[in-house]
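Structural characterization, general
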Amino acid sequence: MITVKVPATSANVGAGFDALGLALDLFNTVTFELSDKLVIASTDNTPVPTGTDNLVYRAACATFEFCGRPVPAMKILQENPIPMARGLGSSSACIVAGILGANALMGSPLSDREMLHLAAGIEGHPDNVAPALLGGFVASVMDEDAVYSVKKDISEQLAFAAFIPNFPLLTEKSRAVLPKELSYRSAVYNLSRAALATAAFCDGDYELLGVATKDAMHQQYRLPLIPGGEEIFSKAKELGALAVYISGAGPTIMAVVRRSDEAFFASANEWLTRAKEAGKNVGAFEVKHLLAANHGAVVQ
Ligand code: HSE
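The text that follows walks through the structure, step by step, so that each part is easy to find. (Residues numbered from 1 in each chain as written. Predicted model: local features only at pLDDT ≥ 70, side-chain atom pairs only at ≥ 80, totals over all residues. Heavy atoms only, no water.)

Another aspect to go through is the packing of helix H2 (residues 90-105) against helix H3 (residues 112-123). Look at H2 against H3: their axes get within 10 Å of each other, and the N-to-C directions meet at 140°. Taken together, the axes of H2 and H3 lie oblique to each other. H3 is crossed by H2, and the crossing has right-handed handedness. Contacts between H2 and H3 involve Ser91, Ser92, Ile95, Val96, Ile99, Leu100 and Asn103 from the former and Met115, Leu118, Ala119, Ile122 and Glu123 from the latter. Of the residues contributing to the contact of H2 with H3, the split by class is eight nonpolar, three polar and one charged. (Axes fitted to C-alpha atoms, helices over the stretch in contact; angles between N-to-C directions. Helix = DSSP H or I, 4+ residues; strand = E, 2+ residues; numbered from the N terminus. Parallel < 35°, antiparallel > 145°, perpendicular 65-115°, else oblique. Left-handed = near helix turned anticlockwise from the far one by under 90°. Contact = heavy atoms within 4.5 Å. Nonpolar A, V, L, I, M, F, W, Y, C, P; charged D, E, K, R; others polar.)

As structure tokens, then:
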């Protein structure tokens, strides 16, 4: 039996739309074994498609096909603590698990680079799949079919406060609200900040992240789809977050904080509890304390 463990990921990191992402210490685990018929099931009661439309299975099929091999019947068991449709890379985790599982079942013919290309091709952009595979903070470019990525470990001094709501937001819907064109001014605003965020992660200069994660490309259009999102931005900044951004396509709002800042989590929890009691929009959110995962997906 082959077991694949894949981390959650948080894409965009503010200005780095479809380019930047980082891996977090929350892992989906998927097991694969050859079988006499296709069996797909969840081991933690998370509803998952159990037919050929299952994303782990689809990614596994694409991998067998890429290698020119017939797709064997297999048994796939999924444990999915990464919440679905919350902007924490659950679909990328499924894609990466399917590719790594299929590769392992074939005796590992593929290189890491080939698997990254396959994964980004299926997902359509590399910002979640690259950190899911590589871990840490990853800057990526898709040039035609090729993906070019640089990974940097994230300091243990950082923690990530994921404000996760109880409602989903499909990436498709969150991309549909984006404008078709951008001004030069907005393009410069974002490319300069994405460059600064990358340099800040590479240098460990996390104080720059407040400025470097500001964005003029997607967050303003997406916030109306996230009731309570704006209040979380303000509150997280007021509580001393180094940076706040919409995680991937949302609806999770991510605050980057110093790991030593226990007071941040205590205050945020208290604030959310009071908001819930008062029936406010932010009461739909819970805050989860996460750390960076500097190792990407592993096959055990
Ligand atoms: N970069 C993507 C987006 C991440 O913001 O739409 C979600 O897949």
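What follows picks up the thread again.
To continue, consider helix H9 (residues 229-238). If you check which residues of H9 are buried, you get Gly229, Ile232, Phe233, Lys235 and Ala236. Elements in contact with the buried residues of H9: strand E7 (158-165), helix H8 (219-222), strand E8 (243-246), strand E9 (253-258), helix H10 (262-277) and strand E10 (285-290). Taken from the residues just after H9, Gly240 is the one with a positive phi, measuring 100°. (Buried < 20%, exposed > 50% of the residue type's maximum accessible area, 1.4 Å probe, protein only.)

The strands that make up a sheet are held in pairs by hydrogen bonds between backbone atoms, and each pair lies either parallel or antiparallel. Here we have four strands laid out as an open sheet, ordered E8-E9-E7-E10, and antiparallel in their pairing. Every interior strand has two partners, whereas the edge strands, E8 and E10, have only one. Averaged over all pairs of adjacent strands, the angle between their axes in this sheet comes to 25°, without regard to strand direction. Note that E8 and E9 share four bridges and pair antiparallel. Note that in E9 the partner of Ala243 across the bridge is Val256. Sheet contacts for H10: E7, E9 and E10; angle to E10, the most-contacted strand, approximately 165°. (Pairing = 2+ DSSP bridges.)

Turning to the site of the ligand, a few remarks are in order. In the neighbourhood of the ligand, the contacting residues comprise Asn12, Phe17, Asp18, His125, Asp127, Asn128, Thr171, Arg175, Arg222, Gly248 and Ala249. Within the side chain of Asn12, a nitrogen or oxygen atom sits 2.7 Å from an oxygen atom of the ligand. Within the side chain of Asp18, one N or O atom sits 2.5 Å away from a nitrogen atom of the ligand. Burial of the ligand by the protein chains amounts to 97% of its free accessible area of 260 Å². Residue assignment places the shell around the ligand across two domains, with domain 1 (2-153 + 295-299) and domain 2 (158-290) each supplying three or more. (Near = heavy atom within 4 Å. Polar contact = N/O pair within 3.5 Å; in protein donor to acceptor, adjacent residues only side chain to side chain. Areas by Shrake-Rupley, 256 points an atom, 1.4 Å probe, with all protein chains shown as cover. Domains from an automatic or database assignment.)

Moving on: the state of the cysteines. Tallied over the entire structure, the rule returns zero disulfides. Cys67 carries a free sulfur, and the closest cysteine sulfur to it, the one in Cys61, is 13 Å from it. The exposure class assigned to Cys67 is partly exposed, which follows from its relative accessible area of 23%. (Disulfide = S-S within 2.5 Å.)

Mapped onto the secondary structure, Thr29 falls in strand E2 (residues 20-34). A sequence separation of 52 residues divides Thr29 from Pro81, and the C-alpha atoms of the two residues are 8.6 Å apart. Those residues within four positions of Thr29 in sequence are excluded, and the remaining contacts are Thr3, Val4, Lys5, Leu77, Gln78 and Glu79.

Time to look at a nonpolar patch on the surface. Taken together, the side chains of Tyr184, Val188 and Leu191 make up a nonpolar region of the molecular surface, amounting to roughly 390 Å² of accessible area. Along the chain, the position of Leu191 falls in helix H6 (residues 184-203). For Leu191, a relative accessible area of 55% corresponds to the exposed category. (Patch = residues over 30% accessible without salt bridge, like charges linked within 9 Å, V, L, I, M, F, W, Y side chains within 5 Å. Salt bridge = Lys/Arg side-chain N within 4 Å of Asp/Glu carboxyl O.)

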